[in-house]
Amino acid sequence: MTIAPSIPFLDLKASYAELAPELDAAILRASRSGRYIGGEEVEVFETNFAAYTEAKHCVSVGNGLDALILALRALDIGIGDEVIVPSHTFIATWLAVSAVGATIVPVEPLPGSYYLDAASIESYINHRTKAILPVHLYGIPVDIDAICTLASAHGLAVIEDAAQAHGAKVRGKRIGSHGHIVAWSFYPGKNLGALGDGGAITTNYLQLANRVRNLANYGSSVKYSNDERGINSRLDPIQAAVLNVKLKHLDSWNARRTSISEHYKNGLAKLNINLPQAPQWADAVWHLYPICTSNLAHVRDQLQINLTEAGIHTQIHYPVPPHLQKAYQDLNFKAGKYPIAEGYASNLLSLPIGPQLVMDDVDKIISVLNSQQNLGITNVNNQVCEAE
Ligand SMILES: *Cc1c(COP(=O)(O)O)cnc(C)c1O
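Thresholds, definitions, all that
Residues numbered from 1 in each chain as written. Predicted model: local features only at pLDDT ≥ 70, side-chain atom pairs only at ≥ 80, totals over all residues. Heavy atoms only, no water. pLDDT = per-residue confidence, 0-100. Helix = DSSP H or I, 4+ residues; strand = E, 2+ residues; numbered from the N terminus. Near = heavy atom within 4 Å. Polar contact = N/O pair within 3.5 Å; in protein donor to acceptor, adjacent residues only side chain to side chain. Disulfide = S-S within 2.5 Å. Buried < 20%, exposed > 50% of the residue type's maximum accessible area, 1.4 Å probe, protein only. Pairing = 2+ DSSP bridges. Axes fitted to C-alpha atoms, helices over the stretch in contact; angles between N-to-C directions. Contact = heavy atoms within 4.5 Å. Phe/Tyr/Trp six-rings, centres within 6.5 Å; stacked < 30°, edge-to-face > 60°. Lys NZ or Arg CZ within 6 Å of the ring centre and 35° of its normal.

A. Expanded view of the confidence of the model for the protein. Looking at the protein as a whole, the pLDDT averages 95, with 96% of positions reaching at least 70. The spread of mean pLDDT over the elements of the protein runs between strand β11 (residues 225-226), the lowest at 91, and strand β8 (residues 181-185), the highest at 99.

B. Representation of the site of the ligand. Around the ligand lies a shell formed by N63, G64, L65, F90, A92, V135, D161, A163, Q164, S185 and K190. S185 has a polar side-chain atom sitting 2.6 Å from an oxygen atom of the ligand. K190 has a polar side-chain atom sitting 2.7 Å from an oxygen atom of the ligand.

C. Representation of the state of the cysteines in the model. On inspection of all chains with the given rule, the structure shows zero disulfides. The structure places no disulfide on C58, whose sulfur is separated from the nearest cysteine sulfur, that of C148, by 19 Å. Overall, the relative accessible area of 5% leaves C58 in the buried class.

D. Region of interest: the sheet that holds strand β5 (residues 157-161). Read across the sheet, seven strands follow the order β1-β9-β8-β5-β4-β2-β3 without closing on themselves; strand pairing throughout is mixed. Each of the sheet's edge strands pairs with one partner strand only, and the pair in question is β1 (57-61) and β3 (103-107). The mean inter-strand angle of the sheet, taken between neighbouring strand axes irrespective of direction, is 25°. Of the pairings in the sheet, the one linking β5 to β8 comprises three bridges and is parallel in character. Bridge pairing in β8 places E160 opposite V182. Where helix α7 (residues 144-153) meets the sheet, it contacts β4 (129-132) and β5, and its direction lies at approximately 155° from that of β5. Sheet contacts for helix α8 (residues 206-215): β1, β8 and β9 (199-203); angle to β1, the most-contacted strand, approximately 15°.

E. Up close: the packing of aromatic side chains. Throughout the structure, instances matching the rule amount to 13 aromatic pairs. Each ring, one from W286 and one from Y289, has its centre 5.6 Å from the other, and the planes form 40°; the classification is tilted. Grouping residues by exposure puts W286 and Y289 together as buried. Among the aromatic residues, ring-to-ring pairing joins F45, F49, Y52, W184 and F186 into one connected group. Above the plane of the ring of W281 lies R171, whose end atom (NZ or CZ) is 4.8 Å from the centre.

F. Local environment of the sheet that holds strand β7 (residues 173-174). What the three strands build is an open sheet, ordered β7-β6-β12; its pairing is antiparallel. Two strands close off the open sheet at either side, each with one partner strand: β7 and β12 (282-283). Across two bridges, strand β6 (residues 169-170) lies against β7 in antiparallel orientation. Following the sheet pairing, K169 is matched in β7 by R174.

As C-alpha cells, then:
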C-alpha cells in the first residue's frame, strides 16, 4: 500500500515557490539598496497598501500587535477607559487593550456567527467606554457600517482588527477606512504575509497617521527631538519589497481561497456540522475555514485525530478563549462566563485553506469528512452549533 502524501494546513513554502523569481529579485534589490530602515521600498508599500485598502494613509509598523497598540495610543485610550472587544478572537486583540492599561469589555458574538454585531454591543456602552474594537475574524468582515453608526451616535472611536481580512469588502467597499484606524498584520500566514513579521495601520485621518508614525519612531518626528514616550516599531525594507510583490497577487490568491470555500460548502452540505458563512453584503477573504461540530463531548477532537490519520492537517482557532488564559487569570473571569466563545473553543476545527491548496486535495478532504459515520457528523439529527 502506498501512503498518500499528507495535506498541510497551509503551505507557505509553496506560496514562496510560486513567486520565487519575483520575490528573489525584490529581496536582492532591497539588499543592494544600502537603505535598511525606511526608504523607498517602505514608502512605495505604504502608498500601494493605502490605495488597495481605499484609505488615505498607511503607516507601516513592526507587526499586527504593535499596530493595534499604536492605534489605541494614537486615540489617547488608556487607564480608566473601557474598550469593547469580542470574547471570541485571537488573544492579540485583548493584549493590545491591556498594553495601554485600558479595561477590556468582552462581548459575545451572536450564536452561530463569529463576530461582534452592533445590536449586542449597545448595552455595554457607558460613560467610560472609549472605543469599539471589532475583529474581521477568519476573513469574514463584521457589519462595520452598523458598528460605525452606533459608535458615532455615542461619540466612540472604532479601531478595526483586520489582521485576517486583507481585501475583504463590506457592501462593495474594502476594509481599510470605515473605522478611525484599521490595524493590519503581515505575519507570514496571513492573506497578505511577509517573509517575517510586519504590520501597518490605515486611516483617513492625517492627524492619526502622523501620531502613529511618531509613536512608532520613539515618539519623534524630528531626529533626537522626542515629544512623547514612543516605541520602535518598523517594517523592514526587505519585508516591504516582499509585500510590494505579494500585494499584486492578493486578489487572485483571495479568489482561490473563495473557490476552495465554495467547494467545501457544496461538498460538506449534507453533514451535521456548521459551515462558516459570509453575510450577503460581505465579500469574505477566507483567511480560515472553521467548521463547527456538535457539542457532544470529543466529536471535534476525535475528528481532528481521524483527519490527521488520513494525512489531513487541521488547526483550532482558538483552543482556549482569552478570558480563560492564564494571562487573564487576575481578572477572574470564570468558566461559563462567555459560553459562546467557550463552545467555539471546544467545537471549531479549521480545515486546510490557502492559495496553493489544490482542488484534488480539497476533494480528498471532503471525501474523508463524508466518511466519518462513527462520529455522528453524517447523521443530521445531532445538535450542532446553533445557526444564525
Ligand atoms: C495575527 C493576528 C494579530 C497579531 O498580528 P501579529 O503580526 O502576529 O502581531 C492580531 N489580531 C488577529 C485577529 C490576528 O489574527
